[in-house]
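# What the coordinates show
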Amino acid sequence: MDINISCILSCHNEYENIPILINQIVKNELNKKIKFILVENGSNDGSRNLFLDLNNKYKNIKFVINENDLGWGNGIKYGLKYVNTEIVGWMHSDLEYDINILSKVLEVIEINNLSKLDAFLIKGRRVNRPFRKKILSLSMEVLFTIILKNKLNEITSQPVFVKFKQLDNLDLPDGLEMDLYLYYMCLENNYKIFRINTAQNERIHGNSSWKKSIFSIISFSLKLIKYALKLKYGKNNSTQNK
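Residues numbered from 1 in each chain as written. Predicted model: local features only at pLDDT ≥ 70, side-chain atom pairs only at ≥ 80, totals over all residues. Heavy atoms only, no water.

### Overview of the packing of aromatic side chains
Between two aromatic rings, the relevant description is the distance of the centres plus the angle of the planes. The full count for this structure, using the stated rule, is two aromatic pairs. Their ring planes at 85° and their centres at 5.3 Å tell us that Phe 51 and Phe 63 sit as a pair that is edge-to-face. With Phe 51 in helix 2 (residues 47–54) and Phe 63 in strand 3 (residues 61–66), this pair connects stretches of sequence that are 12 residues apart. No difference in accessibility class separates Phe 51 from Phe 63, as the two residues are buried. Ring centres of Tyr 78 and Tyr 82 lie 5.9 Å apart, and the angle between their planes is 50°; on these two criteria the pair is classed as tilted. A residue is classified by how much of its surface remains accessible, and Tyr 78, at 18% relative accessible area, is buried. (Phe/Tyr/Trp six-rings, centres within 6.5 Å; stacked < 30°, edge-to-face > 60°. Helix = DSSP H or I, 4+ residues; strand = E, 2+ residues; numbered from the N terminus. Buried < 20%, exposed > 50% of the residue type's maximum accessible area, 1.4 Å probe, protein only.)

Structure below.
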C-alpha cells in the first residue's frame, strides 16, 4: 500500500524519550500508514549516537541528523527535505502528546477525503487542561486574535498536518512560532481547518528547552507577541526558540 502521509518529529535532548516513542509507533502500527522522519536537532545528550544505532532498523521510520541547533522549527524544516508524500505534519517528540493521536489524524484525512483538497490544516485542540494553563492560553488567544484580526484558539496545540505543496511559498520560522505562523496563514487564505481534541500530559523524561520557570514562560510569551506584531505589520522574523 502506498503511503502518502509523513510525520516529522524534531528531537532535542530526548534521549530517554526516543525509545519509548519508537515503541509506541511500532506497537500501534502507525508506521504502516505514516512515514516517520525523526530529526536529531543538535542535541548534547547522546541522542546522535542513538540515532545512528536506530537508523534502518524500522520500516518507514527514518532517522536524520541536523548538526545545527537553530530551534525546534528549524528541525522541522530540516525534516521537510526528506518528505516525498502529499501530506505532511509534525508534533513534539517529548511524549507530552500521545503519538496515537495520529490515528485520529488518519481518520480525518480519510473521512473528509483530504487528499483531493489543494490545501487544508489539521490541528490539535488541547482539552481538560489545568486551570492555570488554560487561563494563560485563553489570555494569549484573545491577544493574538486582536493583533492578527483572526480568531485563533489553542495556537500551539499539536499535531499539525497540511498538504505538502502548501509550504512551497511560505517562510517558515525556525522557532516555536512556526505553529502560529502556519495557523495564521491558513486563516488568511481561508483554508479549511479541522480540529481534533487531544490531551497534553506532563513530561516524564528530560527538560523543556523553554518551559523552565514562570519567568521563561513569560519571556517566551512576550517574544511570541512581538513575533505576531511583526507578522501582521512588519517582517516575519523568528524568535529562535526550540
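### Here we look at the environment of Leu 231
Within the fold, Leu 231 resides in helix 7 (residues 214–233). C-alpha of Leu 231 to C-alpha of Tyr 181: the two residues are 50 residues apart in sequence and 7.7 Å apart in space. When near neighbours in sequence (up to four residues on either side) are disregarded, Leu 231 contacts Leu 148, Tyr 181 and Tyr 184. (Contact = heavy atoms within 4.5 Å.)

### Regarding the pattern of salt bridges
Taken as a whole and judged by the stated rule, the model has six salt bridges. With a shortest N-O distance of 2.8 Å, Glu 67 and Arg 48 are connected by a salt bridge. Taken together, the positions of Glu 67 in the loop between strand 3 and helix 3 (72–80) and Arg 48 in helix 2 put the pair 19 residues apart, joining distant regions of the chain. Exposure remark for Arg 48: the relative accessible area of 36% places this residue in the partly exposed category. Counted as one network, the salt bridges with shared partners bring together Arg 126, Arg 129, Lys 134 and Glu 154. (Salt bridge = Lys/Arg side-chain N within 4 Å of Asp/Glu carboxyl O.)

### Describing the state of the cysteines
All chains considered together, the criterion is met by zero disulfides. Free cysteine: Cys 7, not disulfide-bonded; nearest cysteine sulfur from Cys 11 at 10 Å. (Disulfide = S-S within 2.5 Å.)

### Quick look at the pairing of strand 3
Within strand 3, five of the six residues are buried, leaving the element largely enclosed by the surrounding structure. When strand 2 (residues 35–41) meets strand 3, the two strands line up parallel, connected through six bridges. Note on strand 3: the bridge partner recorded for Val 39 is Val 64. (Pairing = 2+ DSSP bridges.)

### As for the environment of Leu 143
Structurally, the position occupied by Leu 143 is in helix 5 (residues 131–148). Separated by 12 residues in the primary sequence, Leu 143 and Phe 131 place their C-alpha atoms 18 Å from one another.

### Some details on the pairing of strand 1 (residues 5–11)
Burial of strand 1 is extensive: seven of the seven residues sit out of reach of the surface. Burial along strand 1 is two-sided: Ile 5, Cys 7, Leu 9 and Cys 11 facing one way and Ser 6, Ile 8 and Ser 10 facing the other are all buried. Across four bridges, the pairing between strand 1 and strand 4 (residues 87–90) is parallel. Pairing of Cys 7 across the sheet is with Gly 89, part of strand 4. Of the strand pairs in this sheet, strand 1 and strand 2 are connected by six bridges, and their pairing is parallel. Bridge assignment links Ser 6 to a residue of strand 2, and that residue is Lys 35.

### So, unusual backbone geometry
Comment: phi is negative for the bulk of residues other than glycine, and the bulk of peptide bonds are trans. Residue Gln 158 is joined to Pro 159 through a cis peptide bond whose omega torsion reads -5°. Within the element layout of this structure, Pro 159 appears in the loop between helix 5 and strand 6 (160–163). We note that Asn 13 has phi near 55°; this positive angle belongs to a residue other than glycine. Along the chain, Asn 13 turns up in the loop between strand 1 and helix 1 (17–27). The exposure class of Asn 13 is partly exposed, given its relative accessible area of 22%. At Lys 149, a position not held by glycine, the phi torsion is positive, near 55°. With respect to the element layout, Lys 149 can be found in the loop between helix 5 and strand 6.

### Considering the side chain of Asn 31
Summarising the element assignment, Asn 31 is placed in the loop between helix 1 and strand 2. Of note is the side chain of Asn 31, whose polar atom sits 2.9 Å from the backbone oxygen of Lys 59. In contact with Asn 31, other than residues within four places in its own chain, are Ile 3, Ile 25, Val 26, Phe 36, Lys 59, Asn 60 and Ile 61. (Polar contact = N/O pair within 3.5 Å; in protein donor to acceptor, adjacent residues only side chain to side chain.)

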